[in-house]
Amino acid sequence: MLLAVVRRAFDMVFVMFGISVIAFLIFFATPGSDPSARIAGRNATPEMLAQVRASFGFDRPLYVQYGRLMQRLFIARDLTSFVNRGQKVVPAVLQATPVTLSLVFGAAVIWLTAGIGLGIVATIFRGTVIDKGLMLLALCGVSMPVFWFGSVMNLITQSRFHDTWLFSWVPGLGYTSFFESPSLWFKTLVVPWFTLSVLFIGLYARVLRASLSENYQEDYVRTARAKGLSESRIMLRHALRTSLITLLSMFGLDFGALVGGGAILTEVVFNLPGIGRLTYQALQNLDLPFIMATVMYSTFFVVLANALVDVAHAWLDPRVRDAR
Amino acid sequence: MTIVSNTSAAPAGKDKRNKPKGPWRTALSRLLRDKLAVASFLFLASIILSTASATYYADHISQTDPFQSNLDGHIEISGEPAEIMAADSEGLGLGVTPIGPTWTGQYLLGADAQGRDVAARLLYGGQNSLIVAFSSTALCLLLAGVVGTVSGFLGGIVDTILSRLLDIIWAFPIYLLAISLSIVLISKGLQIGPFHIPSNSLLLPITIIGVVYVPYVARPIRGQVLTLAKSDFVLASVCLGMPTARILVRDILPNVVTTLIVFAPIMMSLSILTESSLSFLSIGVQPPAASWGTIIQDGQGLLYTRPLVAIAPGLAIIITVLCLNFLGDGVKEAFDPKAKLRVGKD
Amino acid sequence: MSDNILEIRDLTVAFRTEQGPVEILQGVSFDVKAGEIVSVVGESGSGKSVTSLAIMRLITDPNAMISGTIRYKGRNLPGLSAREMRKLRGREIAMIFQDPMTALTPVHTIGWQIAEQLRIHFGVGAKAARTRSVELLGKMGIPDPERAYGCFPHQLSGGMRQRAMIAMAISCDPAILIADEPTTALDVTVQAQILDLLQDLRREYGSSIILITHDMGVVSTIADRVLVMYSGRIIENGAKSDLLDKPQHPYTLGLMRSIPPMTGERPHRLPSISGSPPLPGNRPEGCSFRPRCEFSFSKCNAAPPLFRCNEQFAACFLAENGSHQWQRNSAQERTGE
């Protein structure tokens, strides 16, 4: 048991290390991309370039640069922005975290409820028009670019129907902290929540529908019927219970990726100052310390989510539990 | 992954007259019976054809250069002259608003912020979106097929290294990886030895999108090859003294290719969405070239005044991706009904 | 009122297909007496399992068309509401399936699944259900039932799983137990134990058992009465001793011949019935066994009804005028005289 935990932790560290190396190489060692040229500006003289290179340490060997970056990011925690000199990276990331968490958490509640609900309803009516209609709707959700849907939602709630009773309550784009005003926090987030969740509702409904109808072919559902169980009990306690394991694994990974900055497009469209938008701004300025910080931050969540999903999987599925 | 189709993929006797219908033909005829899939395919073909006619449309119907800003131009609508960029009547009258949809040949869907014909740009953009999606999918499937097969078939240290690498890329949030690569490469282009890919080349988004999705396909392929290598019919071939290369070609590859075919439409729909996202963040297709994503980006500033600029390319994306998904469902049913595909993240 | 607990009359099950309806069962009729072990034998595809599923109304395919009457203690099962039927399933008529690995929900413990049935039908509390479940598991001969209660299906051996399945089936003391190939997935030694267990159950609880099998060995061990099915019909029906000694239908005879004799010299090759049963959509005119039958004659172009000869029934024109010579001969061959 202890060995398994240690191995798991080692895996996590290994993957994070690998990702940090890849990210570092992408930004610092891609042929043709010179970070000092970026910092020095377009019309920099060779002397200025050399000066920038020396002061930022870009003339050192790559592994020294990597080591220094990691040391300042994780140990000293005093890494500062290349662009706005003096702005510390770690506090900025920590400040953006609650915004992203608020967005993703609310969306997750919506997409889990709606996705599971739609999946169940479609399975109950499988083969009928209701099933086909719901699945078509789900497929549309999966097929939409989220930033486009966000724009359309903005168009509807901020402009076209903003003056009607329907959407007059929607505040302007931006973010208000929960502790400042819970009601405003809620109101600003409703539309982004909905937008972000639509894709996942479609995805989860489709996966659940497929998984459930597969389960309904299984012998144990027939046994459950032969036992005299009601259809709702068969669905909830037998078929769904088995499908939920798959769904939960998916959920863990999706949630981790979103918290880690995967909601970048939604955050940009709705002007929410979360991790995704922070990353986006850093990327636009090629602000390397920020990029490395956000990449490591998001990797941490993705890797953590992976580990948690494995644990949860083992906890929920007795077959996996015994296999290890 | 199924092994059902494998047995029939094995060589089917020397007598050609009695050769049963191959698994490919069976699958194809099954696919052709799927009305929704066929309809989607035809619809996709018509989308491709219409984007291919972009030059003709620009020259003869819209009669504008969709890559040239046209801020002072005039057109005639039912005999009345109309400015393409009309001064705002509200407020201070300082801003200008591009012309809205005319529903005639010229400026069918109106103009964008630079006075360019949106309809014509939609067709040109579609070309690029489809080219990027198609090429990156091809690249991704090729890479994934090779990596997955090599990793699964050779095993040992090669497998360890490759699957570790895949694990890492897999854990790298896909958009972040794509965006990171794009940002760096878009600024200067990519220099690999003597080859230089300029920063405005379509090859950049194609390569980036193709590479980031490799683990999605390579991991299942690796698993499939692993199972196949242990399957009874491969064991039988080994026992019969078949050379390894022959086993690879006759027994393993046909199955890998089937899986790749099943993945193709879904990966393509994913590529279209990814390309549009990158372009929306202005790190995909670079101006003056257009793609559906860049047009949506162009339309952001006009969202509340001329929403059609942003809405139209979005609809084009949705319709194309929907068709690809329908086609993907059909292909999956026809080729490998038991395959479990889970593609699509954030 | 007879002592028949189950009376099935003219049970027909057909599936709608693109080529028109295909009859899987063609007018099956039989009775089950209280406390009787009835064995239904036949090749796969003969309609044995469909019969059992039809009794339980477990055929959920929307393309299935089911007609006929199934009277359980005088109530016609097809006429019951879904709710009434649910109260009956598991409580009055219980079922055991072939492969207990797939027939038990993999994510719940064995004990939970047994307790679930008790709680549904008797409304007992969690604790009482648990106690009773452990007791049942013990009765089924499972060592350390307390531990088995908390086991998931994959953690038990095949025999133990089937015992758990049986414990679940009899948990509510049903009047009829339908066992669909309960021993097919098991080792031979375990098979015998399970069959013993079934016989004990009949003795102890007086349940009727409908045992579906393709294994003549199982039939001869345990059955009181045997129904032979072929291509969707019952072609022979009689007490075990009569039917095994004096098969009236050539098909039954063929089945008997294909069992290696217990005494005497072993034949070089066991005789087998040539050919294979017709597909339900493609039955020949008249008797569906005709193409494979070595005794077929002109009358066989019409479908034979069930003829009575002595205490048994056979759907063969050879049995039209009571039993005849060849059966006796064959019976003598079998006993090695």
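Every chain is numbered on its own, with residues counted from 1 as its sequence reads. Chain letters and ligand numbers both follow the written order, the letters beginning at A and the numbers at 1. pLDDT decides what is reported in this predicted model: residues at 70 or higher carry local features, side-chain atom pairs at 80 or more are listed and counted, and totals for whole chains, interfaces and linings draw on all residues regardless.

Going by the annotation in an unreviewed UniProt entry, the name recorded for chain C is ABC transporter ATP-binding protein, with Phyllobacterium endophyticum given as the source organism. UniProt positions are given in the numbering used here, feature names are shortened, and annotations may be inferred rather than shown by experiment. UniProt, in the comment section headed Sequence similarities (unreviewed entry), describes chain C in these words: "Belongs to the ABC transporter superfamily."

Going by what an unreviewed UniProt entry lists, chain B is known as Peptide ABC transporter permease and is assigned to Phyllobacterium endophyticum. Within the UniProt record for chain B, the comment given under Subcellular location (unreviewed entry) is "Cell membrane". Here is the UniProt Sequence similarities (unreviewed entry) comment for chain B, exactly as written: "Belongs to the binding-protein-dependent transport system permease family."

Secondary structure follows DSSP: runs of H or I at least 4 residues long count as helices, runs of E at least 2 residues long count as strands, and numbering of each begins at the N terminus. Looking only at helices and strands, chain B has 13 helices and six strands in total. Two residues form a contact once the distance between their C-beta atoms, set from the backbone, is within 7 Å. Relative to all contacts within chain B whose residues are 6 or more apart in sequence, the contacts with residues 24 or more apart total 70%.

Residues and elements named next belong to chain C. An automatic or database domain assignment supplies the start and end points of every domain. Domain assignment breaks chain C into domain 1 (4-92 + 174-261 + 271-333) and domain 2 (103-173). Domain 1 and domain 2 are separated by 30 Å when their C-alpha centres are compared. On the domain 2 side, the residues contacting the 13 residues of domain 1 number 13 residues. Of the residues in the side of domain 1 that touches domain 2, the class split is 10 nonpolar, two polar and one charged. In the scheme used here, Gly and all other residues not listed as nonpolar or charged are polar, with Ala, Val, Leu, Ile, Met, Phe, Trp, Tyr, Cys and Pro taken as nonpolar and Asp, Glu, Lys and Arg as charged.

All right, on to the sheet that holds strand β2 (residues 22-33) of chain C then. All names here are of chain C. Strands are treated as partners if at least two bridges between them are detected by DSSP. Read from one edge to the other, the open sheet built from four strands follows the order β2-β1-β4-β5, with strand pairing classed as antiparallel. Looking along the sheet, the strands with just one partner apiece sit at the ends: β2 and β5 (75-76). Where strand β1 (residues 4-15) meets β2, eight bridges bridge the pair, whose relative direction is antiparallel. Along β2, the bridge assignment pairs L11 with V28.

Our next topic: the UniProt feature "domain: ABC transporter" (unreviewed entry) in chain C. UniProt's entry tags residues 6-256 of chain C with the feature "domain: ABC transporter" (unreviewed entry), counted in the numbering of this structure. Annotated as 41% helix and 26% strand, the span residues 6-256 of chain C places its first and last C-alpha atoms 28 Å apart.

In this complex, chain A contributes 19 residues to the contact, which on the side of chain C involves 22 residues. Looking at the side of chain A that touches chain C, the elements that each hand over two or more residues are α9 (219-226), α10 (231-262) and α14 (318-323) of chain A. Here the side of chain A that touches chain C is composed, by residue class, of five nonpolar, five polar and nine charged.

Residue and element names in this part refer to chain B. What makes a nonpolar core is a set of buried Ala, Val, Leu, Ile, Met, Phe, Trp, Tyr and Cys residues, with links drawn between C-beta atoms within 7 Å. Burial is judged by counting the other C-beta atoms within 10 Å of a residue's own C-beta: 20 or more makes it buried, 12 or fewer makes it exposed, and any count in between marks it as partly exposed, with every C-beta position built from the backbone. Counting 263 residues, the largest nonpolar core has A178, V217 and M267 as the members making the most contacts within it. It is helix α5 (residues 118-154) that provides the largest number of residues to this core, a total of 15 residues. Residues contacting A178, with those up to four places away along its chain left out, are I208, I209, V212, T274 and L278.

Residue and element names in this part refer to chain B. As annotated in UniProt, the feature "transmembrane region" (unreviewed entry) corresponds to residues 36-58, 130-156, 168-190, 202-218, 252-273 and 308-328 in the numbering used here. Secondary structure over residues 36-58 splits into 96% helix and 0% strand, and the C-alpha atoms at its two ends are 32 Å apart. From the first C-alpha to the last, residues 202-218 spans 24 Å; its make-up is 88% helix and 0% strand.

Residue and element names in this part refer to chain C. Residues other than glycine seldom take positive phi values, yet R57 does so here, at roughly 55°. Mapped onto the elements, R57 comes out in the loop between α1 (48-55) and β4 (64-72). Although it is not a glycine, S231 adopts a positive phi angle of roughly 50°. Note on placement: S231 falls in the loop between β9 (225-230) and β10 (233-239).

With that out of the way, let us pick up the sheet that holds β9(C). All names here are of chain C. Taken in spatial order, the eight strands make up an open sheet running β6-β7-β8-β3-β9-β10-β12-β11, and their pairing is mixed. In this open sheet, the two edge strands, each paired with only one partner strand, are β6 (93-96) and β11 (307-309). The average undirected angle you get between the axes of adjacent strands in this sheet is 20°. Here four bridges tie strand β3 (residues 37-41) to β9, and the two strands are oriented parallel to one another. For V40, the partnering residue across the bridge sits in β9 and is L227. Note on geometry: axes are C-alpha line fits, over the in-contact stretch for helices, and angles between N-to-C directions span 0 to 180 degrees.

Each side of the interface is counted separately: chain A has 45 residues, and chain B has 42 residues. Those elements that provide at least two residues to the side of chain A that touches chain B are α1 (2-28), α6 (129-143), α7 (146-160), α8 (182-215), α10, α11 (264-269), α12 (275-285) and α13 (288-316) of chain A. Its residues placed into classes, the side of chain A that touches chain B shows 29 nonpolar, 15 polar and one charged.

Residue and element names in this part refer to chain C. Relative to β4, β1 is paired through eight bridges, and the arrangement is antiparallel. Looking at β4, one finds that F15 is bridged to A64. Sheet analysis places β4 next to β5, joined by two bridges and oriented antiparallel. Among the inter-strand pairings, R71 is bridged to a residue of β5, identified as N76. Linking β4 to β5, which pair antiparallel, is a turn of two residues; within it K73 sits at a positive phi near 50°.

The subject of this paragraph is the packing of helix α2 (residues 23-33) of chain B against helix α13 (residues 308-335) of chain B. All names here are of chain B. Relative to each other, α2 and α13 sit at 140°, their axes nearing to 8 Å. Considered as vectors, α2 and α13 are oriented oblique to each other. The handedness of the crossing between α2 and α13 is right-handed. Residues A27, R30 and L31 of α2 pack against G330, V331, A334 and F335 of α13. Here the residues of the contact of α2 with α13 sort into five nonpolar, one polar and one charged. Here the word oblique covers every angle except those under 35 degrees (roughly parallel), over 145 (roughly antiparallel) and from 65 to 115 (roughly perpendicular). Handedness of each helix crossing follows the sense of rotation of the near helix against the far helix: counterclockwise by less than a right angle gives left-handed, clockwise gives right-handed.

The subject of this paragraph is the environment of C:P106. Examined against the element boundaries, C:P106 turns out to sit in the loop between α3 (100-103) and α4 (110-122). Between the C-alpha atom of C:P106 and that of C:Q155, which follows or precedes it by 49 residues, the distance is 10.0 Å.

Residues and elements named next belong to chain B. As a per-residue measure, pLDDT tells how confident the predictor is, with possible values from 0 to 100. For chain B, mean pLDDT is 77; residues scoring 70 or higher make up 78% of the total. Across chain B, the element-wise mean pLDDT spans from 37 in helix α1 (residues 4-9) up to 89 in α5. Every residue in residues 1-18 is under pLDDT 50, and counting partners more than four places away or in other chains gives 26 contacts.

Residues and elements named next belong to chain C. Here chain C averages 83 in pLDDT, while 93% of its residues score no lower than 70. Taken together, the stretch residues 327-337 has pLDDT below 50 and engages in 13 contacts with residues farther than four places along the chain or on a different chain. Taken together, the chains of this predicted complex give a pTM of 0.83 and an interface ipTM of 0.84.

Time to look at the environment of B:F335. Residues and elements named next belong to chain B. Secondary-structure assignment places F335 in helix α13. C-beta crowding within 10 Å serves as the criterion here: with 22 such atoms nearby, F335 is assigned to the buried category. As a C-alpha pair, F335 and V262 span 73 residues in sequence and 6.9 Å in three-dimensional space. Residues within four places of F335 in sequence aside, it is in contact with A27, T258, I261 and V262.

Let us now look at helix α5 (residues 89-124) of chain A. Structural remark: α-helix, 3.6 residues per turn; residues separated by three or four positions point the same way. Expected helix span is computed as 1.5 Å times (number of residues minus one). With 36 residues, α5(A) extends 51 Å between its outermost C-alpha atoms, agreeing within 8% with the 52 Å of an ideal straight helix rising 1.5 Å per residue. Roughly 25° is the biggest bend found in α5(A), and it falls at A:T97, with proline A:P98 one to four residues downstream. Two axes define the bend at a residue: one fitted to the seven residues ending there, one fitted to the seven starting there, and the bend is the angle between them.

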